[in-house]
Structures are given as C-alpha cells and as structure tokens.
Amino acid sequence: VQLQASGGGLVQAGGSLRLSCAASGGTFSNYAMGWFRQAPGKEREFVAAISWSGGGSTYYTDSVKGRFTIARDNAKNTVYLQMNSLKPEDAAVYYCAAVQFKGLHSAQYEYDYWGQGTQVTVSS
C-alpha cells in the first residue's frame, strides 16, 4: 500500500490543523493506521493509532490526549489527524504508517508502510 500525507503547514499556537493520509494499492480497511512525528534533532515518536476495519479503537500518546483525534474514512481510503490547541512542541514532520494487522500499534517496527511526511510548524 502507498501512503500520501498532506495537510501540514504553519499555524499559531492554539490553532488547529487537520492532516490527511491517503492510501492506495490495498484494501484500506484491512490496515491499522498510525501517526508518528519527528522534530529536528529528535527521534521519531508515536502520536496516535487507530484499529483496522471500522476503526473502533484509538490510542494516543499522553502529550496529545484531549487535543488530537485520529479517525478514518474507509470509503475515502484516508486516515485523518485532527490537531487542536497546537503547541510549539507539536512542531515536527508528521508521518502516517500502515500495518495489515488487527489491534493498535504504537511501535515503529510494527508498521510496514510509511508515507513521506508533512511538515507542521507552530509559531509561539
């Protein structure tokens, strides 16, 4: 499956952005999806995950709970990351990832497919 992330940009602290990740080349509903991010000089870290099929289960890293929401639209082969109340520390390149397996996945090694990343910049 191929993944194409989009929706990044420059936003002021406290603002919102919605990232999208469009999938092609596979049966999207068969893939659990995740979002990761990498800030300059830091390792890539887990942000959020959603289970396959109907996406009934989600999981977030503590720092984004209550501010970010992951969702999927299987009809559009797309997973979203709605980011509200953005903080300067949320600035990073955001990557989407996919794995053809049930459950929720927060470790990078669990994912088989990665998008190219989209830059999020948050001004203070």
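Scroll up to find the structure.
Basis of the calculations
- Residues numbered from 1 in each chain as written.
- Predicted model: local features only at pLDDT ≥ 70, side-chain atom pairs only at ≥ 80, totals over all residues.
- Heavy atoms only, no water.
- Phe/Tyr/Trp six-rings, centres within 6.5 Å; stacked < 30°, edge-to-face > 60°.
- Helix = DSSP H or I, 4+ residues; strand = E, 2+ residues; numbered from the N terminus.
- Buried < 20%, exposed > 50% of the residue type's maximum accessible area, 1.4 Å probe, protein only.
- Lys NZ or Arg CZ within 6 Å of the ring centre and 35° of its normal.
- Pairing = 2+ DSSP bridges.
- Contact = heavy atoms within 4.5 Å.
- Salt bridge = Lys/Arg side-chain N within 4 Å of Asp/Glu carboxyl O.

Let's shift gears to the packing of aromatic side chains. Geometry of an aromatic ring pair is reported as the spacing of the ring centres plus the angle between the planes. Taken as a whole, this structure holds six aromatic pairs when the rule is applied. Arranged with centres 5.7 Å apart and planes meeting at 70°, the rings of Phe36 and Phe46 form a pair that is edge-to-face. Highlighted residues: Phe36 in strand β4 (residues 32–38) and Phe46 in strand β5 (residues 45–50), separated in sequence by 10 residues. On the accessibility criterion, Phe36 (0% relative accessible area) is buried. Feature note: the residues Phe36, Phe46, Tyr59, Tyr111 and Trp114 constitute an aromatic cluster, connected by ring pairs. Between the NZ or CZ atom of Arg44 and the centre of the ring of Trp114, over which it lies, the distance is 4.0 Å. Stacked on the ring of Phe28, the Lys or Arg Arg72 has its end atom at 4.4 Å from the ring centre.

Next up on the list: unusual backbone geometry. A positive phi is found at Asn77, a non-glycine position, where the angle reads about 55°. Note on placement: Asn77 falls in the loop between β7 (68–73) and β8 (78–83). Note on Asn77: relative accessible area 27%, which makes it partly exposed. Its identity as a non-glycine residue notwithstanding, Ser85 has a phi of 50°, on the positive side. Here Ser85 lies in the loop between β8 and β9 (92–99).

Turning next to the pairing of β9. Of all eight residues in β9, seven are buried, a share of seventy percent or more. Of the pairings in the sheet, the one linking β4 to β9 comprises seven bridges and is antiparallel in character. Bridge pairing in β9 links Arg37 to Tyr94. As defined by bridge partners, β9 adjoins strand β11 (residues 118–123) across three bridges and the pair is classed as antiparallel. By the bridge assignment for β11, Val93 is matched with Gln119.

Tracing the sequence through the fold places Ser29 in the loop between β3 (17–24) and β4. For Ser29, a relative accessible area of 26% gives the class partly exposed. In the structure, Ser29 is positioned 44 residues away from Asp73 in sequence and 8.8 Å away in space, judged by C-alpha atoms. The contacts of Ser29, once residues within four sequence positions are left out, are Trp52, Ser53, Arg72 and Asn74.

Moving on, we come to the pattern of salt bridges. Overall, the coordinates contain four salt bridges when judged by the stated rule. Measuring nitrogen to oxygen at the nearest pair gives 2.7 Å for the salt bridge that ties Glu45 to Arg37. A salt bridge links Arg67 to Asp90; the shortest N-O distance between them is 2.7 Å. Pair noted here: Arg67 is in the loop between β6 (58–60) and β7 and Asp90 is in the loop between β8 and β9, with a separation of 23 residues, a long-range link. Per residue, the accessibility class of Arg67 equals that of Asp90, and both read buried.

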